[in-house]
Amino acid sequence: MKQLTRATLKPFQLRAADELTQKLQTYPSPPYKPRYNPETGQPYPFICRLKAITGSGKTPMIAVVAAALGDAIILWTTNRGAVISQTLANLSAGGSYAPLLPEDTTLKALGDLAPADWADLLSARTGLTILLGTVALFNRDDAGKENLNLHKDRNGTSYWEMLAGRGPDGRNRPLYIVYDEAHGTTAKQFGRLTELDPLAFILASASPLPPGLEELVPGSTPDEKAAALERQTVVVNTGEVVEAGLLKTRLYLVDCSTTREQAVRDANDKWQELRTKAPGPDKPIWCGVVNSTLDGLEVWAVLTEKLGVDPTKIAVHLSKVNDNVVAAGATANWNEVQDTLKAKKTPEQLRADGYTHIIWNLSLREGWDEPWAYVAYLDGIGKSAIDISQKIGRFLRQPNATPFADGDLNSAYFYFNVPDEEFSEVVKNTQKDLQSEGYEIITMSAAAARKGGSRTVPVKKAVRVTEVAESFGEDLTLLDEIVLNAVPDFSEAALKAPGKVKTKILDVRRNQEDAHLETVETRTENADVLVWRYLFNRLEGIDTRVVRKENTCFSPDLKMQPRMRQRMHYGSEAMRILHDALPDIERKLNTEFRLEREYDKDYTVGDFVMSSPNLQTDDQIRRDRYAVRPYVNALHAEYNGLNKFEAAVAEALDKLGNDWCRNPVKTGYGIPIPKLGEGTTDFYPDFLLWGKKNTVWAIDPKGKHLLQDAIQIKLHGLADIAGMPQRIRVALIVEGNYDSDGRNVTRRGKVGCSLIWKDNSEIKAKPFESPGPLVAYLVKL
């Protein structure tokens, strides 16, 4: 099992976790305003939200936040039981996310707590404890065993009351509530949770704010509350999630206007094709999503009797299989059916047990999102388009969160056996749900899908490009001093921040709480953190090239310096000073950060993989994008995947007669970003062009909406790097007429296109009528 650490998290995950942690540590200081209960005068819990699409890694992001909360109790809950069991497994020792938590973290299922566990939980003053359970456990109206245990009267109180901090046996640590996937939760359920008097609710969901929580958000009007919630929300851009490789980038929706047998056959053919392409021992999984067990058995019969699939490799995860076998009649060898639902196999066990095909319905939908599920036959007759679209969402994750060179393995395929009018509705709903989140949705006929796939175009000749590396120089002492100079020898007072102790008085005679005697006192006890740990975590969030877990640009001695060993409380004056010093530290580190030649290796242009060449679809724009275009002077004979403007640039490059090629993202030639803190560490130009005097141009056509960011991040000088046998230069090509004052570019018109490049430290822009004369000018520079 691959485990995640801070070093292996994606930059956007670290940034989001860092921002969320800062919000929690800053409250109730500005810009966050506490809201008070008008009846008791007590502050309401702080509401903060992580807004991110499913598959972005919300659980590891929240785990990083949890690790920074110090001594605390976290109630991690949702209304989906499968999510809780998966989260517990992933956070527990040996789980995928366990390294993200402190080593002494205690994890418990709320429903499994014994009396001794409750005593330890409530009496402890230090350490991090995470309790996991569904909201159903909190419902007093439910007579379940766990519910009765939680609310059972225990000498005038209950575990629920103690967890809320009430009474002499109440908890001694602050409580935070993490709510994962909060949509579908009722106001009554959240009302139950507010009874626990948490310091904060941490909502991990892309859905709107759940009902019942509006009252906790500051503001007296809807607009004021919306503005406050926006300040308290960390948004993860879906484009970054897709670009990072966590999600499949393309969904193929195949309309099978044919028999069930033919649709299942087409889907299985695609599955076999993908299995031959997938490298390594892990292989794609085929899924049949049906409406009834009888339908599922008929699909099983097609797979085994008609297509020769090994029945021992098909998991039939459906209810009452034996009863439906009788109804199906003696048409197949039913005694070979693998009834995995009856065997109580979990979704996680199905692939681990070697099943290549899974037939399921609602019994597997909740909480199941297997990255290796690539192909699905959806028997949607009689089901709503919305229901089918929701099933599609279970196939979005990318295996190992890493894109493949073959675009077919970065896609998911759905074969529908539904009437034409229902298919149109399916497409409409899927596009509404997913395309706005950054996915490419492609529809086609079943016949066209059989002709799809990817194609590898061999490179014509071996061509190398000098690699560029990053460096902070050799003087580690200088780097250490940048940080040390920002860390004062703090006074004891500056390192401290008051904690709070809320005292509630229980009148033993009446066995009731006396609210009039309740007090709130400040205390010196508070969670603390070493200065070096705080700074390293923050610097890692700024740029992983500065700190990546134990690997840093500093000397090993830095964190052993006395000033770096100071312990400071969260919310202390010392923490505020260091927080304010971070921009200056980043600025000074940037002065030492540089690019240099990578002497150990060169990049060699390899074969090019075309995704879905000559795709047959009703969408004219996508037909044009995936059309295969031949080229004479390119390093590959043909390319596809170009938009209209990119295709015009490619045609102009080919007419030059020089060597040039398309440059694939992630697997192609990457250029390090020469400035820290830009949110990304490398960029991959769309084209490479070999010019005069051993110059290689990295060319990136850009839309006007992305131009300013591209200029700031990508348009940097590489020509002055010492020892480079090749001169690497970056050029942006943008539609429209642009000019430059040396520092900024300004759009003057919509006609034509413009070349934007850097000459020494000056940004230049030159307009042209078309890409042809532009690249002819470029190649002479």
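Small disclaimer: the values here were computed from a predicted structure and weren't measured. (Residues numbered from 1 in each chain as written. Predicted model: local features only at pLDDT ≥ 70, side-chain atom pairs only at ≥ 80, totals over all residues. Heavy atoms only, no water.)

*Asks:* Outline the side chain of Arg545, listing residues and values.
*Replies:* By the secondary structure assignment, Arg545 is in the loop between α20 (531–542) and β21 (547–548). Judged by its relative accessible area of 14%, Arg545 falls in the buried class. One polar contact links the side chain of Arg545 to the main-chain carbonyl oxygen of Lys675, over a distance of 3.2 Å. Side-chain polar atoms of Arg545 contact the backbone oxygen of Thr681, separated by 3.4 Å. (Helix = DSSP H or I, 4+ residues; strand = E, 2+ residues; numbered from the N terminus. Buried < 20%, exposed > 50% of the residue type's maximum accessible area, 1.4 Å probe, protein only. Polar contact = N/O pair within 3.5 Å; in protein donor to acceptor, adjacent residues only side chain to side chain.)

*Asks:* Hey, could you go over the pairing of strand β2 (residues 72–78) for me, with residue numbers and the actual values?
*Replies:* Most of β2 sits out of view: seven of its seven residues are buried. Taking every second residue as pointing to the same face, both faces of β2 are buried, with Ala72, Ile74, Trp76 and Thr78 on one and Ile73, Leu75 and Thr77 on the other. Summarising the sheet, β2 and strand β4 (residues 128–134) pair through seven bridges and their orientation is parallel. Across the sheet, residue Leu75 finds its bridge partner in β4, namely Leu131. Sheet topology places β2 next to strand β5 (residues 175–180); five bridges connect them, and they run parallel. Bridge assignment links Leu75 to a residue of β5, and that residue is Ile177. (Pairing = 2+ DSSP bridges.)

*Asks:* Break down the pattern of salt bridges for me, with residues and values.
*Replies:* Tallying each qualifying case throughout the model produces 29 salt bridges. A salt bridge links Arg594 to Glu592; the nearest nitrogen and oxygen atoms lie 3.6 Å apart. We note a salt bridge from Asp739 to Arg748, for which the minimum N-O separation is 2.9 Å. You can call Asp739 partly exposed: its relative accessible area is 29%. Residue classification places Arg748 among the exposed positions, given a relative accessible area of 57%. Each of Lys270, Glu273, Lys277, Asp406 and Asp408 takes part in salt bridges that share partners, so that together they form one network. (Salt bridge = Lys/Arg side-chain N within 4 Å of Asp/Glu carboxyl O.)

*Asks:* Please set out the sheet that holds strand β31 (residues 687–690) residue by residue, giving values where relevant.
*Replies:* Taken in spatial order, the six strands of this open sheet run β28-β31-β32-β33-β34-β35, and their pairing is mixed. Of all strands in the sheet, those bounded by a partner on one side alone are β28 (660–662) and β35 (762–768). Sheet twist, expressed as the mean angle between neighbouring strand axes with direction ignored, is 25°. In terms of strand pairing, β28 meets β31 through three bridges, oriented antiparallel. Paired with Arg662 across the bridge in β31 is Phe687. Along the sheet, helix α23 (residues 644–656) contacts β28, β31, β32 (695–702), β33 (727–740) and β34 (745–759); its crossing angle with β31, the most-contacted strand, is approximately 15°. Along the sheet, helix α25 (residues 771–778) makes contact with β31, β32, β33, β34 and β35, crossing β34 at roughly 15°. (Axes fitted to C-alpha atoms, helices over the stretch in contact; angles between N-to-C directions. Contact = heavy atoms within 4.5 Å.)

*Asks:* I'd like a rundown of the nonpolar core, residues and numbers included.
*Replies:* In terms of nonpolar packing, the biggest core is built from 103 residues, with Trp286 and Phe414 touching the most fellow members. Apart from the residues lying within four places of it in its own chain, the contact partners of Phe414 are Leu251, Tyr252, Leu253, Val254, Ala376, Leu378, Ile392 and Phe395. By size, the runner-up hydrophobic cluster in this structure holds 59 residues, among which are Ala634, Tyr639, Leu718 and Ile733. (Core = buried A, V, L, I, M, F, W, Y, C linked by side-chain atoms within 4.5 Å.)

*Asks:* How would you sum up the sheet that holds strand β3 (residues 106–109)? Please name residues and give values.
*Replies:* One open sheet holds the seven strands; their spatial order is β3-β4-β2-β5-β6-β1-β7, and the pairing between them is parallel. Two strands in the sheet have a free side with no partner beyond their single neighbour: β3 and β7 (233–235). Looking at each pair of strands side by side, their axes are set apart by 15° on average, direction ignored. Sheet topology note: the β3/β4 ladder contains four bridges and is parallel. Bridge assignment links Lys108 to a residue of β4, and that residue is Leu131. Packing of helix α2 (residues 58–67) onto the sheet brings it into contact with β1 (46–51), β2, β4, β5 and β6 (200–204), and relative to β2 it is tilted by some 165°.

*Asks:* Tell me about the packing of aromatic side chains, and name the residues and values.
*Replies:* Tallied over the entire structure, the rule returns 20 aromatic pairs. Ring geometry for Phe472 and Phe593: centres 5.0 Å apart, planes at 50°, overall tilted. Of the two residues, Phe472 sits in the loop between β17 (464–471) and α18 (476–484) while Phe593 sits in the loop between α21 (573–592) and β24 (594–604), which places them 121 residues apart along the sequence. The buried category is assigned to Phe593, whose relative accessible area is 7%. Clustering of aromatic rings is evident, with ring pairs tying together Phe608, Tyr631, Tyr639, Trp660 and Phe687. Over the ring of Trp532 we find Lys559; its NZ or CZ atom is 4.6 Å from the centre of that ring. For Lys766, the ring lying beneath its charged end belongs to Tyr777, and the centroid distance is 5.3 Å. (Phe/Tyr/Trp six-rings, centres within 6.5 Å; stacked < 30°, edge-to-face > 60°. Lys NZ or Arg CZ within 6 Å of the ring centre and 35° of its normal.)

*Asks:* Got a sec to walk through a positive patch on the surface? Specific residues and values, please.
*Replies:* A grouping of Lys692, Lys693, Arg727 and Lys780 is seen on the molecular surface, where their side chains present a positively charged patch. If you trace the backbone, Lys692 turns up in the loop between β31 and β32. (Patch = residues over 30% accessible without salt bridge, like charges linked within 9 Å, V, L, I, M, F, W, Y side chains within 5 Å. Areas by Shrake-Rupley, 256 points an atom, 1.4 Å probe, with all protein chains shown as cover. Lys, Arg positive; Asp, Glu negative; His and termini not counted. Charge placed at Lys NZ, Arg CZ, Asp CG, Glu CD.)

*Asks:* Describe in detail the pairing of strand β13 (residues 373–378), supporting the description with residues and values.
*Replies:* Counting buried residues in β13 gives six out of six residues, a clear majority hidden from the surface. In terms of strand pairing, β13 meets strand β14 (residues 411–416) through four bridges, oriented parallel. Counted as the bridge partner of Val375 is Tyr413 from β14.

*Asks:* Requested: an account of helix α1 (residues 11–26), with residues and values cited.
*Replies:* Between its first and last C-alpha, α1 extends 22 Å over 16 residues, near the 22 Å set by a 1.5 Å rise per residue. Within α1, twelve of the 16 residues are buried, which leaves the element mostly enclosed by the surrounding structure. Within α1, the full set of buried residues consists of Phe12, Gln13, Leu14, Ala16, Ala17, Asp18, Leu20, Thr21, Gln22, Lys23, Leu24 and Gln25. (Expected span 1.5 Å × (residues − 1).)

*Asks:* Quick rundown of unusual backbone geometry? Include the residues and the values.
*Replies:* Trans peptide bonds make up the majority, and among non-glycine residues the majority have a negative phi. In this structure, Lys693 is a non-glycine residue whose phi angle is positive, near 50°. With respect to the helices and strands, the residue Lys693 is situated in the loop between β31 and β32. Despite not being glycine, Asn694 has its phi angle at roughly 60°, a positive value. Its location among the elements puts Asn694 in the loop between β31 and β32.

*Asks:* Talk me through the packing of helix α10 (residues 260–277) against helix α11 (residues 293–306); I want residue IDs and the actual numbers.
*Replies:* Where α10 meets α11, the closest approach of the two axes is 10 Å, and the angle between their N-to-C directions is 60°. In this structure, α10 crosses over α11, and the sense of that crossing is right-handed. Side by side, α10 and α11 meet where Arg260, Glu261, Val264, Arg265 and Asn268 of the first sit next to Asp295, Glu298, Val299, Val302, Leu303 and Lys306 of the second. Of the residues assigned to the contact of α10 with α11, the class counts are four nonpolar, one polar and six charged. (Left-handed = near helix turned anticlockwise from the far one by under 90°. Nonpolar A, V, L, I, M, F, W, Y, C, P; charged D, E, K, R; others polar.)

*Asks:* Account for the environment of Lys588, with residues named and values stated.
*Replies:* Within the secondary structure, Lys588 sits in helix α21. Taking the C-alpha atoms as reference, Lys588 lies 8.7 Å from Leu479; in sequence the two are 109 residues apart.

*Asks:* Could you give an account of α18, with specific residues and numbers?
*Replies:* Within α18, burial applies to Leu479, Asp480, Ile482, Val483 and Leu484. Structurally, α18 contributes buried residues whose contacts are with α20 and α21. Regarding α18, its N-cap is Asp475, as a side-chain oxygen of that residue lies 3.2 Å from the backbone nitrogen of Thr477 further along.

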